[in-house]
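Commentary on secondary and tertiary structure
Take a look at the letters that make up each chain.
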Amino acid sequence: MSGTEWKSYADQLQILKDRGLQVADDARAQTDLERIGYYCLSGYWYPFRKLKAQPVGLSFREDQFIAGSQFDDAVALYVFDKNLRLMALDALERIERAIRVDVAHLLGERDCFAQHEPSLFHGNFSRRIISYGFHRGKTEHQVWLERYDNLVRQNRRQPFVTHNLTKHQKLPIWVAIEILDFGALSRLFAGMAYADKNAIAAKYGLASGIELEQWLRSLNLIRNVAAHHSRLWNMNILELSPVPHYDAQWQQLNNARPFMYFCLMQKLLATICPNSGWRTRFRALVSAFPEPDNKAVTSKDFGAVAGWETWGLWA
């Protein structure tokens, strides 16, 4: 279908059928197109399209579908991805909440208005001047404070924000932490003194604050993808964290695929809420991956490895 040519839902469905996508129930398929949208679903039937011969290292798809490709399989993959995004948001809400408390509690002991105090952060964040780009001449801390000030303005009508601004003219760190988005929170954590980051990371069994900093940056990407209803299950992770060196099982993971980042979530959740049923629900979801009969997609595309369900992390 041309990206600029309007087509009725019936016409959209006929284009797919002409290209070899099998449709078991035309009425139900047309309803799915009306409910979900052709363009959204195209990301889920894309792996069902035939590979076009290209030079080594390049991969493109033809318009025609692999033999045995079913419209219902693409919809099932969409539903799986939707549930996967909900699983991610559930875990990341708990992780974000815990890190908020950790950061505010530690910094608040040092200074009530710690977010404004450069001496509480490491030098690369609070003293080194940016020498290029849009933020030239500023420190990373000053750039962060500009973002923070925007968040204060956006939330100034919130009663708890109004009250504290009226009383103190600025927000105590344990109040300020509540208006940060995940990106601003992860950036604030990255700017903390190394000893402080290490102390928080140790709580979760991590080797260093740098490791947790990397995890939070990657998980912020996952959160943004999930929150904006974008395709998650087989996305290429652009904000990579190194594969943890815990044991041989972890070394099987691919840090460019989403599954590893769900392992990171579970590693953190094991400390934050060890009795949660999240891991059980995640196991059930991935174990029921909607693999089609023609094997055009598998859970390996998600990054899952054989036997992961038996790992101590998930068992």
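Further up the page is the structure itself.
Structural notes, computed from the coordinates. (Residues numbered from 1 in each chain as written. Predicted model: local features only at pLDDT ≥ 70, side-chain atom pairs only at ≥ 80, totals over all residues. Heavy atoms only, no water.)

Examining the environment of alanine 256
Under the convention used in this document: The helix count covers DSSP runs of H or I at least four residues long, the strand count covers runs of E at least two residues long, and both are numbered beginning at the N terminus. For every residue, the accessible area obtained with a 1.4 Å probe (protein chains only) is divided by the maximum for its type, and the residue is called buried under 20%, exposed over 50%, and partly exposed between those limits. Should any heavy atoms of two residues lie within 4.5 Å, those residues are counted as being in contact.
Relative to the helices and strands, alanine 256 is located in the loop between α11 (209–227) and α12 (259–272). Alanine 256 sits in the partly exposed class, given a relative accessible area of 24%. Taking the C-alpha atoms as reference, alanine 256 lies 22 Å from serine 42; in sequence the two are 214 residues apart. In contact with alanine 256, not counting residues within four places along its chain, are Met235, Asn236, Ile237 and Leu240.

Things to note about the side chain of serine 69
Note the following rule: Identification of polar contacts relies on pairs of N or O atoms within 3.5 Å, with a donor-acceptor requirement for protein atoms, meaning one able to donate a hydrogen and the other able to accept it, and with residues adjacent in sequence counted only if both atoms are side-chain atoms.
Residue placement: serine 69 occurs in the loop between β2 (60–65) and α4 (71–110). Of note is the side chain of serine 69, whose polar atom sits 3.2 Å from the side chain of asparagine 294. Look past the residues within four positions of serine 69 in its chain and what remains in contact with it is Gly20, Leu21, Gln22, Phe48 and Asn294.

What to know about the side chain of glutamine 115
In this structure, glutamine 115 sits in the loop between α4 and α5 (123–126). In this structure glutamine 115 comes out as buried when scored by relative accessible area, which is 0%. Separated by 3.1 Å, the side chains of glutamine 115 and tyrosine 148 make a polar contact. The contacts of glutamine 115, once residues within four sequence positions are left out, are Phe121, His141, Trp144, Leu145, Tyr148, Leu171, Pro172, Ile173 and Ala176.

With respect to α11
An α-helical turn contains 3.6 residues, so a residue and the one three or four places further along point in the same direction. As a reminder, the rule being used: Under the convention used throughout, the expected extent of a helix is 1.5 Å for every residue step, that is, one less than its residue count.
Under the 1.5 Å per step criterion, the end-to-end length of α11 is 26 Å for 19 residues, consistent within 8% with the ideal 27 Å. All of the buried residues along α11 are Gly209, Glu211, Leu212, Glu213, Trp215, Leu216, Ser218, Leu219, Asn220, Ile222, Val225 and Ala226. Where α11 is buried, its residues contact α4, α9 (182–191), α10 (194–203) and α12. In the stretch just after α11, histidine 229 is the one whose phi turns positive, near 60 degrees.

Remember that the coordinates give geometry; whether it matters functionally is a separate question.
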